[in-house]
Structures are given as C-alpha cells and as structure tokens.
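# Residue-level structure breakdown
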Amino acid sequence: MKFDLTEEQLAVRDAARDFAQNELLPGVIERDEHQKFPAEQVKMMGELGFMGMMVDPKYGGSGMDTVSYVLAMEEISKVDASASVCMSVNNSLVCWGLEKYGSEEQKQKYLTRLAKGEIIGAFCLSEPEAGSDATSQRTTAEDKGDYYLLNGTKNWITNGNSASVYIVMAQTDASKAHKGINALIVEKGMDGFVVGKKENKLGIRGSDTHSLMFQDVKVPKANRIGDDGFGFSFAMSTLNGGRIGIASQALGIASGAMELSIAYAKERKAFGKSIAEHQAIQFKLADMATEIEAARLLCLRAAQLKDQKADFSQASAMAKLFASDVAMKTTVEAVQIHGGYGYVKEYHVERLMRDAKITQIYEGTSEIQKIVISRGLLKK
Ligand code: CAA
Ligand code: FAD
C-alpha cells in the first residue's frame, strides 16, 4: 500500500478546495435553511470536470482515477455535503454504471452529457417498502416486446427533481427473484413519469430528495442496461463504487468540522487562555485527527483497489462504515468545542452534524455494510 499522491492528484484536490471555499461556502447556510438545490454551483462543477471525474474523455469525462475522486469529494464535502451528494450520485452511481455496463448507444446518448454535467442523473433503487431489503422490488417492468411497461414508486431519490436521466431498477420476472430485476434508463418527461413530493430533511437540505411515480411508462428495450435480469447485479456492483463516494463525503464532513474546531479553539478564550490550551480540548482534537486519518486511509485504500481493478466491495463497505461513524462522532465533538456558538447556524458545525447522520443511512445503512463485510469474510 502506497499513498504518495501525484502532482496531478494534488492539483485536483487544490482545485476542489478552491472551488468549495470560493463558490460553495458563500450561501451554504441560506441554501440549507431554504432547502435550495445548488443548481448554479453544480453547473460550475460540471464545467470544472467534477461531475464525470472518472469517465473516459472520449465520453466527455475527465479521465481521472478514483483516488482523485476521493480527494475532490473530501474537499467539496468539507463545505457543502448537499453539493457533494449530487456529485457522488452523478459520478459513481450514474456515470460509472453507464460507462461500465451501458451500450455504446446509451453512452453516446446519455453518458456524454452526464459526464460534462450538462445534465444530472439519479439512481433509483429504494422504494417505500424496499430500502435495505433491496431485492424486494415492487416496481414492475413488464416485458411488452419492444418496450417495458414501468409501474411503481421509488422513494428518497437524490437529484429527484433536478435530474434529467434516471436509472430505475424494476422487477420483470418475480419468479426469478433478484435475477428477474432490470435496470432501465428513464428520461424526465416520459409519459406517466411524475416527480413526487420533496422531503423536508434533517440534513443535506440543499439536496433535492423526492419520491418518483411511474404509471404505465413505456421504456424502450434499448434503454435496458445489460442483459435481461442483470439489474440487481448492476445496482450492487455500482453501489460498491458509490460507497467510496459516500465514505469520502463522510470524511470531508469530519475533516471540515475538525478544521473549524482547530481555528475556533485557538481563538476562543476561557479562564484566561485559549480553549486550545486546555488539555480536554486538545485531546478531543487529537482523537478527531487520528480517526479522520484512519478514515482517509480506508477511503484511499478502497479507491486504490478499484483503480487496480481488484475486488473492492469489502474495502468500500469498510470505508463507509468507519468514515460515517467518524463523521458523526467528530461533528458532535465539534459542536461541543464551539460551545453555545456551535449550536447556532453561523458557525457551520451544527449543519455538519446534521449532514453527518445521513452518511450512516444512505447507500446501505451501517448495519448493511456489516452484512457486506461479514459475508465477504465468511465466504473466503
Ligand atoms: N457487490 C456485488 N454483488 C453483491 C453485493 C455487493 N456488495 N451485495 C450483494 N451482492 C449480490 C450477491 O452476490 C447476490 O448475487 P448472486 O445471487 O448472483 O450470487 C445478490 O446480490 C443478492 O445478494 P444476497 O443473496 O446476499 O441478498 P440479500 O437480500 O440477503 O442481501 C443486500 C442483499 C446486500 C442486503 C442488498 O440488498 C443491499 O446492499 N441492500 C442495501 C441497499 C442499498 O445500499 N441501497 C442504496 C440505494 S442508493 C442510495 O442510497 C443513494 C444515495 O443515497 C445517495
Ligand atoms: P430500512 O431498510 O427499513 O431499515 C431500518 C433499520 O433497520 C435500519 O437501521 C437498518 O439498518 C435496519 N435493518 C434493516 N435490515 C436489517 C438487517 N438485515 N440486519 C440488521 N439491521 C437491519 N435510495 C436510492 O435508491 N437512491 C437515492 O438516490 C437515495 N437517496 C437518498 C437520500 C436520502 C436523504 C435518504 C434518507 C435516503 C436515500 N435513499 C436513496 C434511500 C436509502 O438508501 C435508504 O433509506 C437506505 O438504504 C435504508 O432503507 P430504509 O430507509 O428503507 O430503512
């Protein structure tokens, strides 16, 4: 294992940091308060190459490695986790899946625009009654010859309203259980496709999370990704990479909270000295730094394995499991270090604490990551 970052990777990290500080930080509190999707900022992220980072340039992407993606996700998540979840879904759940498993026609039609950030994508697996238990898909895609007839409801879809392209998992042949599920590309505007209500959330409030309804939507056969019945494998394989994105988001939320805590601890005076001079505060910072470094190494390790084309499913589950716990713990301590000021919006850490919680839930809860990790161990 070697983690000497290349000049190119460091340049990507610095560009993401500059973008986050200059473009995302102003207005992040207001967007959170008013649940405003960072549309302009996401457009800029596309122009800077952050929306299709790992996609081959021939399909409009930036042709970077997963390590660079982790570094960029960390920097953007330090400041605005609502922007970074949009970035993560577009990069790892939509673009990656399309590039790896899509047909040439699908790549030309959808990937080239998604990778440039001209349009945004969404990944639709969860349903009102199928979250962790994702094989229990109730949405159906009836095979009608030239097309599938799509019916059902998806829940909690990130980029739910702002997306133009949706990858929807649906059951075609229930007798085959998860091997009867297909992944279909659905376009906004197709007859019978309705974007439902927006969720009013605890955190990542700038991200637009919606339910989606499909009523007799005719999806051409050409929009199926992979062979008949490949949809669940597609979703699981894609989520392995997605979990690296969310682990890096958690890492960024934690390191953002630590940076704010260090600065505040040096400034704030109590009992005649800065609070940073009190050992209780120093020890909190030491714990934060150690755990964040461990989380970073797990994220980079998973990314490195993916870049080496090795099996990274367990590594990405470990990174997400650990980094999301670090995000939660670090942000709670960051609020504590800030005292009463930490409890109000101006100091950012209360938002980071609210944003941290989702990283233990989406793209597989912490309990599901433990299932993935332990099944991998016991299989060996
Ligand atoms: N990688 C590759 N394949 C995997 C896999 C993984 N991580 N996990 C499961 N599979 C495969 C299995 O090998 C099996 O395939 P075969 O039958 O061909 O061998 C198939 O999937 C079914 O697996 P299981 O028999 O283990 O099924 P299960 O029902 O007992 O468990 C599960 C499956 C792992 C719990 C799975 O349902 C799961 O991951 N659930 C969590 C769902 C999830 O992560 N949702 C995220 C939605 S997207 C999102 O959240 C985006 C966002 O917020 C921004
Ligand atoms: P449940 O599956 O009902 O779980 C409830 C609790 O039971 C959890 O603690 C869980 O860990 C536990 N549990 C369940 N099964 C087991 C078990 N076998 N062993 C031990 N514990 C178990 N989904 C998408 O498809 N696309 C998206 O873009 C997307 N974005 C999201 C954005 C937000 C803001 C949110 C809140 C969710 C999003 N999701 C998305 C859905 C998310 O992936 C699910 O919420 C998540 O997978 C958990 O499913 P659930 O909410 O149905 O909880």
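Residues numbered from 1 in each chain as written. Chains lettered and ligands numbered in written order. Predicted model: local features only at pLDDT ≥ 70, side-chain atom pairs only at ≥ 80, totals over all residues.

## Some details on the packing of helix 4 (residues 66-79) against helix 8 (residues 279-307)
Close contact between helix 4 and helix 8 brings their axes to 8 Å; oriented N to C, the two are set at 150°. In this view, helix 4 runs roughly antiparallel relative to helix 8, as classed from their interaxial angle. Between helix 4, through Thr 66, Val 67, Tyr 69 and Val 70, and helix 8, the contact on the second element is made entirely by Cys 299, Leu 300, Ala 303, Gln 304, Lys 306 and Asp 307. When the residues that make up the contact of helix 4 with helix 8 are grouped by side-chain class, the tally is six nonpolar, two polar and two charged. (Axes fitted to C-alpha atoms, helices over the stretch in contact; angles between N-to-C directions. Helix = DSSP H or I, 4+ residues; strand = E, 2+ residues; numbered from the N terminus. Parallel < 35°, antiparallel > 145°, perpendicular 65-115°, else oblique. Contact = placed C-beta atoms within 7 Å. Nonpolar A, V, L, I, M, F, W, Y, C, P; charged D, E, K, R; others polar.)

## Details of the site of ligand 1
Not every one of the 22 residues close to ligand 1 is listed here, only the nearest: Ala 134, Met 236, Tyr 362, Glu 363 and Gly 364. Residue assignment for the shell around ligand 1 shows that the elements contributing at least two residues are helix 5 (81-101), helix 7 (231-267) and helix 11 (366-379). Broken down by element, the shell around ligand 1 gets its largest block of residues, five residues, from helix 7. Here the shell around ligand 1 is built from residues that sort into 12 nonpolar, nine polar and one charged. (Near = placed C-beta within 6 Å.)

## Remarks on the site of ligand 2
Around ligand 2 there are 22 residues in total, and Ser 126, Gly 131, Ser 132, Thr 158 and Thr 365 lie nearest to it. For the shell around ligand 2, the element with the highest residue contribution is strand 3 (residues 147-158), accounting for three residues. In terms of residue class, the shell around ligand 2 is built from 11 nonpolar, seven polar and four charged.

## Digging into the UniProt feature "domain: Acyl-CoA dehydrogenase/oxidase N-terminal" (unreviewed entry) in the protein chain
In this structure's numbering, the residues bearing the UniProt feature "domain: Acyl-CoA dehydrogenase/oxidase N-terminal" (unreviewed entry) are residues 6-118. Segment residues 6-118 splits into 72% helix and 0% strand. End C-alpha atoms: 29 Å apart. (UniProt positions renumbered as here; feature names shortened; annotations may be inferred.)

## As for the environment of Ser 233
Considering the arrangement of structural elements, one finds Ser 233 in helix 7. Spatially, the C-alpha atoms of Ser 233 and His 178 are 8.4 Å apart, while their sequence positions differ by 55 residues.

## Points about the pairing of strand 2 (residues 140-143)
As defined by bridge partners, strand 2 adjoins strand 3 across four bridges and the pair is classed as antiparallel. Residue Asp 143 lies in a different strand from strand 3, and its bridge partner there is Tyr 148. Taking the residues between adjacent antiparallel strands as the criterion, strand 2 and strand 3 are bridged by three residues, where Gly 145 takes a positive phi near 95°. (Pairing = 2+ DSSP bridges.)

## Quick look at the nonpolar core
Core analysis: the largest hydrophobic core is formed by 111 residues, its most contacted members being Cys 299 and Ala 323. The element contributing the most residues to this core is helix 7, with 15 residues. Ignoring anything within four residues of it in the chain, the contact list for Ala 323 reads Ala 247, Ala 250, Leu 251, Ala 295, Leu 298 and Cys 299. (Core = buried A, V, L, I, M, F, W, Y, C linked by C-beta atoms within 7 Å. Buried ≥ 20, exposed ≤ 12 C-beta atoms within 10 Å, placed from the backbone.)

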